Amino acid sequence: MSTLSAEEKYRNFIPEESREYLEKLFAEFKRTVTIEVYTAEGEHREYNDFTLNICRAFNVISDKIELREYAVDSEMGKNRNIIATPTVLISPDEYDIRFLGAPAGEEGRALVEALNLASKGADGISESTKEILEPLEEDRLVKIFASPTCPYCPGQAINAFKAAVARPDKISAWNISTLDNENMAHEYKVGSVPHTDINDTVTFTGLEPEEKFMLQLLFLKPLEEVVEEQRAAKAETTEDTVYEDVDLAIIGGGPAGMSAGIYAKRSGLSCIILEKQGVGGQVALTPKVENYPGFTNIQGFELVEILGSHAREYTDIQQFAEVKDVKYGPRIEITTDEKNYRAKGVLLATGVNVRMLGVPGEDKFYGHGVSYCATCDGNFYKGGKAVIVGGGNTALTDALHLKHLGIETTIVHRGDKFRAEKVLQDSVNREGINIIWNSQVTEIIGEDQVESARIVNKDGTETILDTDVVFVAIGHTANTELAEKLGCELRPDGFIKVDPTQRTSVERVYAAGDVTGGVRQIITATGQGAAAALTAFDDFTRLFDDIKDNTKNIW
Ligand code: NAP
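Each value, and the rule that gives it
- Residues numbered from 1 in each chain as written.
- Predicted model: local features only at pLDDT ≥ 70, side-chain atom pairs only at ≥ 80, totals over all residues.
- Heavy atoms only, no water.
- Helix = DSSP H or I, 4+ residues; strand = E, 2+ residues; numbered from the N terminus.
- Rg over C-alpha atoms; globule rule 2.2 N^0.38 Å.
- Buried < 20%, exposed > 50% of the residue type's maximum accessible area, 1.4 Å probe, protein only.
- Contact = heavy atoms within 4.5 Å.
- Areas by Shrake-Rupley, 256 points an atom, 1.4 Å probe, with all protein chains shown as cover.
- Lys, Arg positive; Asp, Glu negative; His and termini not counted.
- Charge placed at Lys NZ, Arg CZ, Asp CG, Glu CD.
- UniProt positions renumbered as here; feature names shortened; annotations may be inferred.
- Disulfide = S-S within 2.5 Å.
- Near = heavy atom within 4 Å.
- Polar contact = N/O pair within 3.5 Å; in protein donor to acceptor, adjacent residues only side chain to side chain.
- Nonpolar A, V, L, I, M, F, W, Y, C, P; charged D, E, K, R; others polar.
- Domains from an automatic or database assignment.
- Pairing = 2+ DSSP bridges.
- Axes fitted to C-alpha atoms, helices over the stretch in contact; angles between N-to-C directions.
- Salt bridge = Lys/Arg side-chain N within 4 Å of Asp/Glu carboxyl O.
- Buried area = accessible area lost by both parts, 1.4 Å probe.
- Phe/Tyr/Trp six-rings, centres within 6.5 Å; stacked < 30°, edge-to-face > 60°.
- Expected span 1.5 Å × (residues − 1).

**Looking at the overall build of the protein**
A tally of helices and strands in the protein yields 17 helices and 25 strands. Taken against the 2.2 N^0.38 rule, which gives 24 Å for 555 residues, the C-alpha radius of gyration of the protein at 24 Å falls within 12% of a compact globule. Counting over 555 residues, the protein shows a buried share of 54%. For the protein, the proportion of contacts with a sequence separation of at least 24, taken over those separated by at least 6, is 66%. Surface summary for the protein: the accessible area is close to 25,100 Å², and the carbon and sulfur share equals 47%. Put simply, the protein has 58 plus and 89 minus side-chain charges, and the middle of one group is 4 Å from the middle of the other.

**Some words on the side chain of Gln156**
Note that Gln156 resides in helix H7 (residues 153–166). Here Gln156 is in contact with Ile144, Pro194, Thr196, Gly206, Leu207, Glu208 and Phe213, once residues within four sequence places are set aside.

**What to know about the UniProt feature "domain: FAD/NAD(P)-binding" (unreviewed entry) in the protein**
According to UniProt, the feature "domain: FAD/NAD(P)-binding" (unreviewed entry) maps to residues 247–529 in the numbering used here. For residues 247–529, the end-to-end C-alpha separation is 16 Å, with 23% helix and 28% strand making up the annotated structure.

**Describing the state of the cysteines**
In total, this model carries two disulfides according to the counting rule given. With a sulfur-sulfur separation of 2.4 Å, Cys150 is cross-linked through a disulfide to Cys153. Between Cys150 and Cys153 the sulfur-sulfur dihedral comes to about 100 degrees; the bridge is accordingly right-handed. Across this residue pair, the class does not change: Cys150 and Cys153 are buried. At a sulfur-sulfur separation of 2.2 Å, the disulfide partner of Cys373 is Cys376. The disulfide joining Cys373 to Cys376 has a torsion of about 70 degrees about its S-S bond and is therefore right-handed.

**Looking at the site of the ligand**
Contacts to the ligand come from 18 residues, most closely from Asn291, Thr394, Arg419, Val519 and Gln521. Taking Gly391, its main chain carries an N or O atom lying 3.0 Å from an oxygen atom of the ligand. Within the side chain of Arg419, one N or O atom sits 2.5 Å away from an oxygen atom of the ligand. In the complex, the protein chains occlude 82% of the 910 Å² of accessible area that the ligand would expose alone. Split into classes, the residues belonging to the shell around the ligand amount to three nonpolar, eleven polar and four charged. Viewed by domain, the shell around the ligand spans two of them, domain 2 (243–353 + 477–548) and domain 3 (370–474), each represented by three or more residues.

**Describing the sheet that holds strand S2 (residues 65–71)**
For sheets, the rule is that strands pair by backbone hydrogen bonds, running either parallel or antiparallel. Pairing is mixed in the open sheet, where eight strands are placed in the order S2-S1-S3-S4-S6-S5-S7-S8. Taken across any chain shown, the strands that pair with only one partner, and hence form the sheet edges, are S2 and strand S8 (202–205). Each adjacent strand pair in this sheet contributes to an overall mean axis angle of 15 degrees, direction not counted.

**Things to note about the pairing of strand S13 (residues 332–336)**
Burial of S13 is one-sided: the residues Ile332, Ile334 and Thr336 facing one way are buried, the residues Glu333 and Thr335 facing the other way are not. As paired elements, strand S12 (residues 323–327) and S13 share four bridges and run antiparallel to each other. Its bridge partner being in S13, Asp325 is matched across the sheet by Thr335. The loop that links S12 with its antiparallel partner S13 comprises four residues. In this sheet, strand S14 (residues 340–348) lies alongside S13 in antiparallel orientation, the contact comprising four bridges. The residue bridging Ile332 from the neighbouring strand is Ala343, located in S14. The turn joining S13 and S14, which pair antiparallel and follow one another in sequence, is formed by three residues.

**Some details on the pairing of S14**
Of all the nine residues making up S14, eight are buried; the element is thus mostly covered by neighbouring parts of the structure. Note that S14 and strand S25 (residues 509–511) share three bridges and pair parallel. The residue bridging Leu347 from the neighbouring strand is Tyr510, located in S25.

**Here we look at the pattern of salt bridges**
All told, the structure shown has 30 salt bridges when counted by the stated rule. Residue Asp325 is joined to Lys485 by a salt bridge in which the shortest nitrogen-to-oxygen separation is 3.3 Å. Of this pair, Asp325 sits in strand S12 while Lys485 sits in helix H16 (residues 481–486); the two residues are 160 residues apart in sequence, bridging distant segments of the chain. Salt-bridge contacts for Asp426 lead to Lys422; the nearest nitrogen and oxygen are separated by 2.9 Å. On the criterion of helical spacing, the pair formed by Asp426 and Lys422 is a turn pair, its members being four residues apart in helix H15 (residues 422–430). Residue class for Lys422 comes out exposed when judged on its relative accessible area of 59%. Each of the salt bridges in this network shares a partner with another, and the network as a whole consists of Glu36, Glu66, Arg68, Arg80 and Asp93.

**Description of the domain arrangement of the protein**
When the domains of the protein are assigned, the result is domain 1 (6–224), domain 2 (243–353 + 477–548) and domain 3 (370–474). Computed from C-alpha coordinates alone, the two centres of domain 2 and domain 3 are separated by 33 Å. Taken together, the contact pairs six residues of domain 2 with eight residues of domain 3. Carbon and sulfur atoms supply 57% of the area buried between domain 2 and domain 3, which totals about 480 Å² over both sides. Our count for the domain 2 to domain 3 interface comes out at zero salt bridges. Linking domain 2 with domain 3 are one residue pair in polar contact (both at pLDDT 80 or more), by the criterion used here. A class-by-class count of the residues in the side of domain 2 that touches domain 3 yields two nonpolar, three polar and one charged.

**Quick look at the packing of aromatic side chains**
Across all of its chains, the model carries eleven aromatic pairs by this definition. Here the aromatic rings of Tyr38 and Tyr70 are separated by 5.2 Å at their centres, their planes lie at 15 degrees, and the arrangement is stacked. Residue Tyr38 is located in strand S1 (residues 33–39), and its partner Tyr70 is located in strand S2; the two are separated by 32 residues in the primary sequence. We classify Tyr38 as buried; its relative accessible area is 0%.

**Some remarks on helix H14 (residues 393–404)**
Taking 1.5 Å as the rise per residue, H14 with twelve residues should run 16 Å; its terminal C-alpha atoms sit 17 Å apart, in good agreement. Among the residues of H14, Ala395, Leu396, Thr397, Asp398, Ala399, Leu400 and Leu402 are the ones counted as buried. On its buried face, H14 is in contact with helix H13 (374–377), strand S17 (385–389), strand S18 (408–412), H15 and strand S23 (469–472). Remark: Gly406 follows H14 within two positions and exhibits a positive phi of approximately 90 degrees.

Below, the structure is given as structure tokens:
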């Protein structure tokens, strides 16, 4: 019989690749972070056990993490105003940053980022966030409703944590897991995550840019109402900009960007990966991946973990670092909220964004029965009915995911055949998922929540189909804003034009992955990322030779 010590048991609770990454991250903490965990016997036992295990594991693998455990009904629990179990508090003598519910999956990622932020304190907060929140005089309680399968959620939770670290005297930031706090999610009418509530007064759905989030927090109203005023008030700063120099700046931390990071570093280039959300791109949203060689069947977020830990072996990945601006020149300048970089070359692996239907009701019910992420929001509709629009791999993968959650699912497709892979079509048929062919959803109908969808067939016949949710899975549009700023030529379908070696039309600017269009598979994205890094290496060597020849002064 195995006789693992308690320490070994907790250590093994974290998979090896993640453990190595965390040990390295925690070792760099400048100061100790305290975790307080509040649990109870009985209800939610599995969530309580999971939370205790993960916090004990963190404590075992790092002497920079101090752990205190309490029963929810203890004196301390009352003092700290604990209202749910499990609850995790991060450095509670300094901040009110808390996790209500077990921090599993993507919420685990938010927990790690919360620890990281607490270890840095004000040093981890951008000047612009500090500046925006400085005038805040009233208290703010930010509740971020999240789910373990929502890759957008950690980004929004981190916005709130940053605010709580910037103004600990005024701001509380709570990450609330909808999985084990169903009643609270219901009370706050959460239909899509991340769902943000500030002071029970304003609510927002989706991940927001940091500056927008901070302004809304300060003014306690939607940004649209205050942005002009704020812009005018913001004085132009003339301080000298500080740059970090790298050979290759990779923008985008999906499979293309991560693979490029590995190849660039192995070629001897210094590089940085800048990712505006968490790593993974569209793969993180895919419930199941069955066509990436080497893995017969793996969940999207698991594959992302593996790719991420491999890439981190070689290169620094800055998550939640949105590139705000790029400027072309002998050194290409890249601006994020926290740091500025100067690079010999840039690889755009910026991926794609979901395409919207553009029908009445779509905007109105976003977050209340319209969703673009079945992986994030499927759980809310267990036992209910769902419509999925689309006929590609995403629509069919999502339909299977929802069916497995016990949701009565109907696919509405505008054509008479799917473009999805045959293996997915076969699974959809086997599962008996309803399909409405040759039809479009032309309106999404309801009062406060989606109640039905108007479906119009090619022959003009109209049906009102009862449904609790409409998932839109009709493809994507390329994220080409930075490419356009750099002057890269686009293809007629809006994707970035590249040659077979991933060069764009602009010297020292490369593109790889979904943003270049084509078959858009994980395997092709990783291949293109690798090719782009090797091309950059070749180009930089050639250009350096030009300098040595004194024929050209490139840098
Ligand atoms: P997609 O392949 O572009 O399919 C989009 C679907 O939406 C098509 O069926 C299209 O219909 C339909 N559509 C487009 N605009 C529409 C509109 N305005 N109204 C109604 N329907 C509309 O997109 P995707 O499924 O998101 O896949 C994107 C890429 O990722 C693909 O390359 C795919 O192979 C890849 N992917 C792979 C996997 C996997 O391998 N496991 C999983 C997910 C995605 P038509 O067919 O009539 O044009």
